[in-house]
Structure formats: structure tokens, C-alpha cells
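# Close look at the chain arrangement
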Amino acid sequence: MDRLIEILEEIKPGVEYKAIPDLLEAKILDSLKIVQLVAELNDEFDIEITPIDVVPENFRNVDTILALVERLSEE
Amino acid sequence: MSYISYQFFLFLGAVLLGYTVTPSKYKWCVLLAGSAVFYWMNSRWLTVFLLCTTTAVYAAARMLDSMEEGFSLAKGHLEREEKKRLKALVAGQKRGVVICGLAVAFGLLLWLKYGAFFAGCWQHLPHHWRLPQPPVKTRMFLPLGISYYTLQAAGYLIDVSRGKCKACRNFAKLALFLTFFPQITEGPIGRYDRLSAPLFEGHPFEYERFTKGLQRIVFGLFKKLVIADRVNLFVSAVFEESGTAPGGILLLAGILYTLQIYAEFSGCMDLVIGCAELFGIPLDENFARPFFAKSVSEFWRRWHITLGAWFKDYVFYSISLSKPFMRLSKFVRRRGNDFLGAVLPAAMALFFTWLGTGFWHGAAWKYAAYGLYYYLIMLAGMLLEPLFAKVCGSLRIHRQGRAFSLFAMGRTALAVVGGMLLFRAESVSEWGTILAGIFGRFSLRETLASVLRYDMDRKDFAVIAVGVVILLVIGILQEKGIHVREAIARRPLPVRWALYLALVMAVIVFGAYGRGYEAVDFIYGQF
Amino acid sequence: MEKVVRVFCFLFTFWLCLAFSSDFLKPKNNTVESGMEKTELYGFLSEPNHTIDLAVIGDSSAGNGFSPMKLWGDYGITSYVCAEGWQTLPQGYRVFKKMLDTQKPKIVLLETDEFFQPTGIARTALYVSDLASKTVLPLYDYHNRWKDVQAKEMMRRPHYTYHSAVKGQWRDQNVKPYNGKEYMIESREESPLSITVRGCFALFDEICRRSHVQLVLFTVPNTGWNYSKHNAMVSCAGKICVPYLDLNLERKKLGFDWKTDTRDGGTHLNDQGANKVTGYIGYYLKENYVLEDHRQDHSFDHWKEDYQKFTK
């Protein structure tokens with residue numbers, strides 16, 4: 001969790017990530033930022049996020065991103 | 001049969017009548033029959049190409065489904081390691097099938113729409129390479145909506161391969177999904193997971209929905225006939241003499257051309273979505289007040305939304321999340337350049353996305369330039385973002401404030417006008433001439449003196465101004481989250497009726513049609 | 001039920017809006033300045049009421065192929081040619097009905113070329129329906145006059161002043177001979193007539209009977225004509241027992257010559273051709289019908305003036 005927040009901070013600093021229910025609605029994450037995020041996550045957690053996983057439901061907030069990471073690490 | 005003709009509305013009425021009286025289970029057949037008639041009347045024997053694409057995509061998707069089924073049956077009794085191996089094998093096979101399916105769909109598109117262009121380029125290659133010369137074809141007639149249904153078919157196939165939706169088992173239903181007659185000429189480009197259910201299940205006739213659909217259709221006609229076709233008088237007159245017209249006039253023509261395309265394309269979308277609404281089928285929205293965008297990338301999320309979304313989902317992510325790109329990003333970051341590492345893969349993926357978007361609009365270099373124009377603006381925005389933030393910080397400019405927002409909207413709109421001028425120009429060099437004209441021959445006095453010389457008189461301008469104000473007011477209301485049609489529906493009957501009748505009568509009286517006006521084809525219908 | 005009433009009321013209000021704005025926008029005179037299109041076609045609007053005894057309806061063939069002034073000079077019969085380019089039968093029907101508002105012709109000559117001009121069902125419906133002719137069509141034709149129309153025109157009743165001295169004829173002195181082969185080759189074939197044309201012709205016949213106007217079909221010489229079209233018209237006229245004159249077959253009696261009597265190589269006639277056609281038709285009418293000779297009547301002095309101009 002903390003590591004994820006750190007990564008998000010690197011991509012766009014100065015956002016209270018845990019408090020925001022919808023990062024997409026709040027226009028904090030756009031498609032370019034998502035690509036950066038995916039690259040970092042792949043690296044950090046040794047997973048492979050494919051375009052199938054890049055849907056709004058998975059990137060809505062910190063919890064959903066974490067759930068995605070956990071699901072993919074188990075596979 | 002154009003959407004703006006009484007024949008189309010008679011046809012629409014007939015299909016709607018058939019749809020209403022047919023039992024629910026078979027209602028979709030009426031839509032398919034209507035779509036087939038519509039397509040055949042427009043394209044005759046070119047319908048064959050549509051059938052080829054449909055068949056290829058249908059077969060490929062079915063194969064993907066059976067592979068996936070086979071895999072899930074087999075994987076039950078396998079060890080972890082073996083399962084992994086089998087999965088990789090199946091994934092490879094699936095990729096092959098998808099590539100074959102896409103090759104047929106895009107092969108037809110490339111051959112029909114871009115064949116002559118590629119042949120032309122081929123001939124310009126150096127002679128000493130001694131390449132065989134292909135026969136140069138003259139421009140063929142294109143099957144109706146090929147650029148739209150190809151993307152829609154490809155999106156469907158990729159969705160099936162990604163497991164986002166199941167393959168369609170009924171060929172006729174898939175054919176309906178690809179040819180649904182309101183959306184076949186200009187989109188919106190539909191997604192199978194959202195569109196299939198409402199398209200195939202039957203909806204009974206509903207009075208409220210019917211009237212709302214009609215309202216939307218009339219509003220579309222208003223945009224097209226009252227605004228776009230009237231502005232067209234001025235725009236075509238000015239671009240006839242783009243080399244000599246005063247700079248201010250050229251700029252005004254650029255702005256009005258942007259208005260024309262917007263009114264026409266979004267008007268057509270209102271008409272299309274309204275038509276589908278009559279049947280109870282919700283289509284994706286294609287416009288969301290694009291001129292309220294504060295940046296060019298936001299503009300493209302509000303303008304021709306389904307095209308942008310298509311390129312984002314199927315091109316941008318496919319490229320930027322692919323293994324080579326991920327490796328590249330890692331490599332650059334290891335070298336210690338974090339910023340570049342973050343931006344580079346996205347920037348490169350965006351390049352292909354925008355090149356594709358540009359070429360999608362037409363087979364000519366100027367369309368490639370059109371795509372790359374937006375690419376460069378976005379890239380500059382991305383690279384300069386840190387600097388810009390710093391400048392704003394030191395000047396204490398509040399970037400969320402209203403004044404800055406207005407400035408950002410104006411800046412974006414100007415960039416878009418520049419792009420639209422390129423879109424309208426015959427070639428990149430003519431675009432250069434026009435831009436040079438705008439900056440080189442700019443004189444306010446001359447502009448004001450000659451503004452009425454270009455086929456539009458004072459009264460025409462007044463109509464356009466009123467039209468723009470109406471669009472603006474509706475846009476502001478919608479930005480505030482107000483559903484205009486619902487808000488009107490809550491008013492007392494006399495107010496409601498007065499508004500509806502005023503809109504219809506405005507279309508009839510102020511529409512630029514009939515004697516003295518040429519019927520203007522939809523610009524986006526030519527792709 | 002309540003909804004049905006509501007829809008009906010809405011449509012009625014809509015129709016009122018259409019009727020009002022078409023009344024407002026349509027030209028209040030038949031001159032070019034007042035915004036009228038096809039002034040020659042609608043020139044009959046300014047003829048004094050009930051003075052036209054013969055109406056000629058048709059497309060350009062009729063416009064170039066008939067001369068009311070020649071008919072006046074020979075027999076004293078008053079006539080008007082209501083011709084428009086590419087006129088279709090529904091359009092001809094609409095013009096004829098318009099004429100019946102102010103004139104009481106005894107005979108209507110319907111040129112048959114327009115039986116073969118294609119026309120869609122919706123268009124036909126618009127042209128033949130009274131409701132549409134009063135609202136939709138004037139709006140379609142004249143909605144762009146919103147720029148010119150002035151508020152004081154709104155309530156004014158139409159007043160027509162355009163005067164056609166040649167009573168609708170399209171005059172042309174050019175000669176461009178037709179050197180092609182004979183085109184009326186006898187055969188038993190019959191060209192099919194579209195449903196819209198047949199339906200519209202039935203309406204035309206009906207309105208003639210109701211208004212006591214004798215209907216006569218005729219064909220101006222035209223090298224685009226042929227025998228199967230001729231046969232179609234013969235059976236068309238036969239069914240409702242009206243006479244049909246195909247002048248393509250009467251060229252000898254007319255003294256007609258394709259070398260001198262056409263302006264464009266066989267499609268349209270010139271003035272000389274029109275005079276020959278008119279001479280023949282005048283003789284035919286005199287033999288078969290009772291039409292008044294107005295040449296001694298002082299209330300027709302304006303015809304005499306026009307005739308003097310015509311013969312100059």
C-alpha cells in the first residue's frame with residue numbers, strides 16, 4: 001500500500017491519494033499517467049498488466065489498483 | 001439516401017412502424033432488414049466488402065471463443081507448469097487468429113481507401129531502385145461507412161480476444177451490430193459490450209421516448225441546416241480565394257469553418273442518436289461540449305469521443321503497454337532519467353496513435369500532418385508542463401481560477417482552429433499560405449470593410465450569432481449538469497410547446513436549403 | 001386517449017404555425033421584384049378573372065410549342081400556356097388548380113411529355129394535396145424570403161401585376177435543324193406509366209369533370225417521342241374517353257419540317273414550329289368545340305394591344 005502511494009506521488013505529487021474516491025473523475029490520472037503507473041507497477045511488483053486490465057474499474061482509486069496488483073501477482 | 005432528405009424520414013418511419021408491430025423476439029430482424037436495405041441503396045454491390053469484413057470478424061471471434069473453451073476444459077486436470085505452457089500456446093494461437101481477422105478488415109480498408117495513395121507514394125520512390133510500377137487506380141467509390149464499421153469490427157474482435165465480451169454466435173446479429181443504419185455513415189463507433197444488448201432485445205413503443213428522440217432529431221437538423229449550411233456560404237466563398245483574402249477574413253473563415261464542422265458533425269450525431277432513441281437504443285455520445293476544453297488533449301476527449309476512445313483503447317494502450325515499450329521505459333529510467341523514462345514510451349505510443357488518427361480521416365499527407373499537428377501540441381504541453389507550472393507558481397497565477405480557465409479555453413480553441421484550417425486546406429503548403437495570409441495581411445479595417453463580400457449578408461450573420469448563442473447557453477447548462485430536455489419537459493405545456501414549435505419553425509424558415517442553396521454533404525460522411 | 005388528444009392538438013398548432021408563416025412569406029405579387037419565381041408560368045394570375053378560355057399545361061415542350069397570340073389572331077380564342085421546365089404531372093396538376101381559382105377555362109390542353117418525367121410518391125402527395133399546397137410547398141419555395149419580407153406585407157392580400165404579353169409562351173427564333181432518322185416507327189409496344197403518374201392523371205381527370213372543363217391530351221412534335229409512348233397515351237386517353245392529338249403523326253398536315261421548325265435539333269420547337277402547331281390545334285378546336293371569338297368584344301381590347309406587339 002505504502003509503496004503504491006509512493007509510486008503515485010512520484011507520478012503526480014501533492015495529491016492526497018487515499019482520500020480521493022475517484023481518481024479518474026477528479027482528472028488526476030489520465031491515459032498518459034496510467035501508462036507511467038503501469039510501467040512502475042510492472043517493475044515494482046513483477047507483474048504484467050495488459051491492455052485488458054486497463055479499464056476504469058481497475059484504476060478508480062488506490063484500493064482498486066491494489067486489488068488489481070494483488071490479483072495479478074497471484075496468477 | 002442522405003440523412004437529410006424526406007426519403008430518409010419516410011424510410012425511418014416505415015422501419016419504426018415495422019419495429020413496433022413485430023413481436024419483441026424478432027424486432028431486431030426488422031432493424032437488420034432496414035439496415036440491409038439502407039446499405040444496399042447506398043452502396044449496391046460494394047456491400048460485398050462489408051460482408052467480407054463481417055464474415056472474417058465473425059469467424060475469427062468464434063474461433064477465439066472455442067479456443068478459450070477448450071483451454072478452460074483442459075486446464076482443470078493439468079499441473080501448474082503445464083497449465084502455464086498450454087496457456088502460452090493458446091495465447092499464441094489466439095494472437096494468430098486475431099491478426100488474420102484484423103488483416104482482412106484493415107486489408108480491405110487499406111486497399112479500397114488508401115490503395116491509390118500508396119500507389120502514388122510508391123511511384124515517387126527513387127527510380128534507380130528499379131521497383132516494379134503498380135497500376136495506379138483512379139479513386140473508387142467507397143463502401144458506405146467503411147472507416148467506421150472497420151474500426152467497430154476490429155474493436156469487437158479485440159474485445160473478444162481480451163475476454164471483455166463473448167463472441168456473437170448469430171451471424172445476422174453481428175451483421176446488425178456492424179450495419180445499424182443510423183450509425184453506419186458517421187458513427188458513433190459502437191462497442192459490442194454496450195450496444196449488443198439494447199440492439200438485440202426488443203423495445204416496445206414508448207411515447208415519452210419517441211418524443212424525446214424527435215426533439216433530438218430536430219435539434220440536429222437545426223445545427224446542420226440553420227448553422228452549418230449557412231456558414232458554408234461564407235467559408236466556401238473565402239477559401240475559393242484563400243491566397244488573396246484579407247488576414248482577418250481568413251481567420252474568421254477558419255473560426256466559422258470550425259463552427260461549421262462542429263455544428264454539422266455534432267448535429268448529425270444528434271440526429272443519429274435521436275433516431276436510435278426512437279427504437280429505444282442508446283448510442284454512445286460523440287461530443288461533450290468540446291469548446292469548453294482547457295487543453296488540446298481534453299478537447300479530443302470531448303470531440304469525436306468514440307474515435308479518440310477507440311484509438312486510446314486499441315492503439316495507444318496496445319503499443320504503450322507492450323513488452324518492448326515497457327522494456328524501453330525501464331532502460332531509460334535505469335540510466336537515471338526519470339522524467340524522460342516516464343514520458344518517452346507514452347510519447348512514442350502517442351505518435352503512432354495520432355498518425356493513425358490523422359490517416360483515418362483520409363488518404364493524403366495533409367491528414368497525417370493533421371494528426372501530427374495535435375501530437376506536437378500535446379507533446380509540447382507534456383514536456384513543458386514542469387516549466388509551465390513553475391512559471392505560473394512564480395507569477396502567482398491561480399490555475400484553477402475562472403480567468404485562467406477562460407484563457408485556457410480560448411487558447412485551445414485557437415489551436416483547434418489552426419488544425420481545422422489544415423483540415424480544410426487542399427494541402428500542407430496551402431495551409432502554410434493561409435497561415436501566412438492570416439498573419440501577413442491582417443488589418444482590422446480591411447476585414448470589416450470586406451466581411452460582407454463573401455456570400456453572407458448582415459442577416460445571415462445575425463442568424464448565425466443567434467444560433468451560436470443558443471448552442472452556448474445549452475452548452476453552459478449541460479456543463480453545469482443540467483439535462484436540458486428533462487428541464488424543458490418539466491415546464492408547463494404552453495412554454496414547452498412554444499419552445500418545440502419555435503425550434504421546428506426555425507429549422508423550416510431559417511434553414512439554408514431549397515432554391516439558392518446547394519445541399520451540403522456531411523463532411524464526416526466521406527470517411 | 002389523453003395523449004392522442006394532446007398529439008392532435010400539437011399537430012394542429014404546428015399546422016397553424018406553418019399556414020401563418022407560409023402566408024407571411026409567400027410573394028404578394030407575381031413580379032420578380034416581389035420574390036416570385038417562374039413569373040412567366042404564373043403570369044395568368046394577373047389576367048382579369050374568367051377571361052382565359054383555354055389552358056395549356058406542360059413542360060418545356062409546351063412552352064416552346066404553343067403560341068396563344070397566334071391562336072388569338074386566327075380565331076379570337078383566349079389562352080394561356082402554363083409551362084415550366086421539367087414539369088411533372090403533379091406539378092402541372094398544382095398549377096392547373098391554381099388557375100381554376102381565378103379562371104374558368106372551357107378546355108385544358110395537357111401536353112403529354114410530362115407523363116414520362118419521373119416523380120416520387122412523397123413529392124406527388126405533396127403536390128396534389130390541398131393542405132400541403134397551401135403550407136409546406138410555399139414554405140419550401142419561399143422560406144428564404146425571411147430576409148426581404150417586411151412586417152407591413154404580413155396582412156396584405158396578394159395583388160398581381162405582372163403582365164405576360166405573349167401569355168406564357170417561351171419565344172425563340174433560333175433554327176437548329178434535326179437531321180436524324182424518322183423516330184415514329186410503328187409498333188405495338190406500350191411504355192409503362194408509373195403509379196404516381198397514373199394516380200395523378202386520375203385526379204386531373206376528376207377535377208376537370210368537377211369544374212366542367214374539357215380535357216384534351218396532345219403531344220408537341222419532339223424527336224424524343226416514340227410509338228410506344230404514343231400507344232401508352234392512346235390507351236390512357238381511351239380509358240377515360242378524352243381526345244388525344246399526337247402531332248408527331250400529323251406533321252404532314254401541319255406542314256411541319258424538322259429542318260426549319262426546331263431551335264435545338266429536335267427537342268424543342270421555335271416560333272415557326274409553335275405557329276404551325278397552334279394553327280392546327282386552333283382549326284381542330286374550331287371544328288370540334290364551341291369557343292367564343294372575342295375579337296369584336298371591347299372588354300378584350302388588351303388582347304388586341306398585345307397582338308399588335310406580337311405581330312410587329
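Below or above, wherever it landed, is the structure these notes cover. Keep in mind the model is a prediction, meaning the values are calculated, not measured.

Quick notes on the rules
- Residues numbered from 1 in each chain as written.
- Chains lettered and ligands numbered in written order.
- Predicted model: local features only at pLDDT ≥ 70, side-chain atom pairs only at ≥ 80, totals over all residues.
- Heavy atoms only, no water.
- Helix = DSSP H or I, 4+ residues; strand = E, 2+ residues; numbered from the N terminus.
- Rg over C-alpha atoms; globule rule 2.2 N^0.38 Å.
- Buried < 20%, exposed > 50% of the residue type's maximum accessible area, 1.4 Å probe, protein only.
- Pairing = 2+ DSSP bridges.
- Axes fitted to C-alpha atoms, helices over the stretch in contact; angles between N-to-C directions.
- Contact = heavy atoms within 4.5 Å.
- Buried area = accessible area lost by both parts, 1.4 Å probe.
- Salt bridge = Lys/Arg side-chain N within 4 Å of Asp/Glu carboxyl O.
- Polar contact = N/O pair within 3.5 Å; in protein donor to acceptor, adjacent residues only side chain to side chain.
- Nonpolar A, V, L, I, M, F, W, Y, C, P; charged D, E, K, R; others polar.
- Patch = residues over 30% accessible without salt bridge, like charges linked within 9 Å, V, L, I, M, F, W, Y side chains within 5 Å.
- Areas by Shrake-Rupley, 256 points an atom, 1.4 Å probe, with all protein chains shown as cover.
- Lys, Arg positive; Asp, Glu negative; His and termini not counted.
- Charge placed at Lys NZ, Arg CZ, Asp CG, Glu CD.
- Right-handed = clockwise from strand over helix to strand, strands pointing away.

Attention shifts here to the overall build of chain B. Across its full length, chain B holds 20 helices and zero strands. Rg of the C-alpha trace for chain B: 25 Å, near the compact-globule value of 24 Å for 527 residues, within the 12% margin. Its C-alpha atoms give chain B principal-axis dimensions of about 80 × 65 × 55 Å. Within chain B, the proportion of its 527 residues that are buried is 51%.

Residue and element names in this part refer to chain C. An order of β2-β1-β3-β4-β5 is seen for the five strands of this open sheet, with the pairing classed as parallel. At either end of the open sheet lies a strand with only one pairing partner, and these are β2 (79-83) and β5 (244-246). Taken over all neighbouring pairs, the strand axes of this sheet differ in orientation by 20 degrees on average, direction set aside. Sitting on the sheet, helix α9 (residues 227-239) touches β4 (214-219) and β5, and the angle it makes with β5 is about 165 degrees.

Let's shift gears to the arrangement of the chains. Inter-chain contacts occur across two pairs of chains; the most extensive set of contacts lies between chains B and C. The two units chain A and chain C are non-contacting; their minimal C-alpha-C-alpha distance is 41 Å.

Let's shift gears to the interface of chain A and chain B. With 18 residues of chain A in contact, the opposing surface of chain B contributes 19 residues. Interface of chain A and chain B: buried area, both sides summed, is about 1700 Å²; carbon and sulfur atoms make up 64% of it. The three residues of chain A that bury the most area against chain B are A:L32, A:V35 and A:P51, which together make up 31% of that side's buried surface. Counting across the interface, chain A meets chain B through one salt bridge. A:E48 is the partner of B:K323 in a salt bridge, and the nearest nitrogen-oxygen pair spans 4.0 Å. Our count for the chain A to chain B interface comes out at zero residue pairs in polar contact (both at pLDDT 80 or more). Tallied by class, the residues present in the side of chain A that touches chain B amount to nine nonpolar, four polar and five charged.

Next up on the list: the pairing of β2(C). All names here are of chain C. Judged by how many residues are buried, β2 sits mostly within the fold: five of five residues are covered. Burial along β2 is two-sided: the face carrying S79, V81 and A83 and the face carrying Y80 and C82 are both buried. Sheet analysis places strand β1 (residues 54-58) next to β2, joined by five bridges and oriented parallel. Across the sheet, G58 pairs through a bridge with A83, a residue of β2.

As a further point, take the interface of chain B and chain C. Taken together, the contact between chain B and chain C spans 23 residues of the former and 21 residues of the latter. Taken over both partners, the interface formed by chain B and chain C buries close to 2200 Å², and the fraction arising from carbon and sulfur atoms is 67%. At the boundary of chain B with chain C, the tally comes to two salt bridges. The salt bridge involving B:D460 is made with C:K147; its shortest N-O contact spans 2.8 Å. In this structure, the connection of chain B to chain C is made through nine residue pairs in polar contact (both at pLDDT 80 or more). Of all the secondary-structure elements, those providing two or more residues to the side of chain B that touches chain C are α1 (6-21), α8 (207-240), α18 (458-479) and α20 (493-510) of chain B.

Another point: a positive patch on the surface. All names here are of chain B. Taken together, the side chains of K75, R80, K83, K84 and K87 present a region of like positive charge at the surface. Of all the elements, helix α4 (residues 80-123) adds the most residues to the positive patch, at four residues. As for its placement among the helices and strands, K75 is situated in helix α3 (residues 47-75). When its relative accessible area of 34% is taken as the criterion, K75 is described as partly exposed.

We now examine a nonpolar patch on the surface. A contiguous nonpolar surface patch, about 520 Å² in accessible area, is contributed by B:L383, B:L384, B:L387, B:V391, B:L395 and B:I397. Position of B:I397 relative to the elements: it lies in the loop between α14 (365-394) and α15 (402-424).

All names here are of chain C. For β4, a buried count of five out of six residues is recorded, marking the element as mostly surrounded by other parts of the structure. Bridge count for β4 against β5 is three bridges, and the pairing is parallel. Bridge pairing in β5 places L217 opposite Y244. In the classification by handedness, the crossover that spans β4, the intervening α9 and the parallel β5 is right-handed.

What the rule picks out here adds up to 44 salt bridges over all chains. C:E84 serves as the salt-bridge partner of C:K38, at 2.5 Å between the closest nitrogen and oxygen. With a gap of 46 residues between them, C:K38 in the loop between α1 (2-25) and β1 and C:E84 in the loop between β2 and α4 (89-100) connect regions that are remote in the sequence. Assessed through its relative accessible area of 6%, C:E84 is described here as buried. Within the structure, one salt-bridge network assembled from shared partners comprises B:R216, B:K223, B:D270 and B:E285.

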